[in-house]
Amino acid sequence: MIRFTPFFFALVTSTAMAASDGMQGMDHSQMDHGQMHSMDEGQMQPAAPGESRTPIPVLTDADRAAVYVDPAGHRVHDSTLNSFFLADKLEWQDADDGSTLAWDLSGWIGGDIDRLWLRSEGERSNGVTEDAEIQALWGHAISPWWDVVSGVRQDFKPGAPQTWAAFGVQGMALYNFEAQATAFIGEGGQSAVRLEGDYDILLTNRLILQPTVELNAYSKNDPQRGIGAGLSNTEAGLRLRYEIRREFAPYLGVSWNRTYGNTADYANDEGEDRSEARLVLGVRLWF
């Protein structure tokens, strides 16, 4: 039980009397209650929209320029030349008639809108080049993801060398699907169409599965080169790569080739199969 002493009652009483005297001494008639009410509202209400209680420095030209500085020195839509090289396929293939070395290379040099593209692909079997070509194309960006290209293609093998005019589009379709569609007009009224596509499936940040497909069609038979009219051949592949570095990735996989129509007949005449599955082992690199 708490007991209150006379001293405690005296202290409380004196404090209350002092507060009462202070309130009675105030002259309320001299106070502007309207001013006090507005001052209280101004202190308690939040800042109006677009206003801030903390002063913000005015932006300067130096502040604006700092936002767009690129440490790498690459400025959008300027005249700086940039370049890129990709060895998408640089591989050994276990073919039925012996080992084969195959390549698929591409690269460009230029700016953000206009670029010179170089492409090359081919195969060497048992030390002999069986298929080889190179393309030089001018590319113009028509959107952030698509380019139109035009130029020349030079075939070295099979058969005698042949030159083509090339026209097409390339870019990235939905869901990061890389695609190319190119039409060729060759010598002697020959024409061709090539469709290519590939897609990266990220199993982890470094382990990537890449399906690929390529289709070739021609307008005329060309027995010298083993090419038949219509759908000539398709190639589908599945490669699993591991990016030790982003620029360097060894891979292994399988590739399946098939010929059709007269092209298949020409292959049979040469003792080749209509379709063939191959084990592939290679490296993908870029810089």
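Note that the coordinates shown come from a computational prediction; the quantities given were computed from them, not determined experimentally.

The helix and strand inventory of the protein stands at four helices and 13 strands. Residues classed as buried in the protein amount to 28% of the 287 residues present. The contacts in the protein between residues at least 6 apart in sequence include a share of 42% that link residues at least 24 apart. Counting only carbon and sulfur atoms, one obtains 63% of the accessible surface of the protein, whose full area is about 18700 Å².

Summed over all chains, the structure comprises five aromatic pairs. Arranged with centres 5.8 Å apart and planes meeting at 40°, the rings of Phe84 and Trp286 form a pair that is tilted. Taken together, the residues Phe84 in strand β1 (residues 82-95) and Trp286 in strand β13 (residues 275-286) connect sequence positions 202 residues apart. Trp286 gets classed as partly exposed once you look at its relative accessible area, which sits at 28%. Among the aromatic residues, those joined into a ring-pair cluster are Trp164, Phe184 and Tyr218. We note Arg153 situated over the ring of Trp164; from NZ or CZ to the ring centre the distance is 4.8 Å.

With that settled, the discussion passes to helix α4 (residues 261-269). Considered for burial, the residues of α4 that qualify are Thr263, Ala264 and Ala267. Within α4, the buried residues cover an arc of 100° as seen down the axis, which keeps them to one side. Looking at the buried positions of α4, the neighbouring elements they touch are β11 (230-242) and β12 (248-259).

What follows is about the confidence of the model for the protein. Detailed conclusions should not be drawn from predicted coordinates in areas where pLDDT is low. Chain-level statistics for the protein give a pLDDT mean of 84 and a share of 77% at 70 or above. Predicted confidence is poor over residues 1-12, with pLDDT under 50, and the contacts of this stretch with residues over four places away or in other chains come to one contact. Low confidence marks residues 33-44, where pLDDT is under 50. Its contacts with residues over four positions away, or in another chain, come to three contacts.

Time to look at the pairing of strand β4 (residues 128-141). Pairing between strand β3 (residues 114-125) and β4: twelve bridges, direction antiparallel. Paired with Glu121 across the strands is Glu133, a residue of β4. In this structure, the hairpin formed by β3 and β4 is closed by a connection of two residues, where Asn126 is found at a positive phi of approximately 55°. Where β4 lies against strand β5 (residues 146-157), ten bridges are found, and the strand directions are antiparallel. Within the sheet, the bridge partner assigned to Gln135 lies in β5 and is Arg153. The turn joining β4 and β5, which pair antiparallel and follow one another in sequence, is formed by four residues.

Procedures and definitions
Residues numbered from 1 in each chain as written. Predicted model: local features only at pLDDT ≥ 70, side-chain atom pairs only at ≥ 80, totals over all residues. Heavy atoms only, no water. Helix = DSSP H or I, 4+ residues; strand = E, 2+ residues; numbered from the N terminus. Buried < 20%, exposed > 50% of the residue type's maximum accessible area, 1.4 Å probe, protein only. Contact = heavy atoms within 4.5 Å. Areas by Shrake-Rupley, 256 points an atom, 1.4 Å probe, with all protein chains shown as cover. Phe/Tyr/Trp six-rings, centres within 6.5 Å; stacked < 30°, edge-to-face > 60°. Lys NZ or Arg CZ within 6 Å of the ring centre and 35° of its normal. Arc of directions from axis to C-beta. pLDDT = per-residue confidence, 0-100. Pairing = 2+ DSSP bridges.

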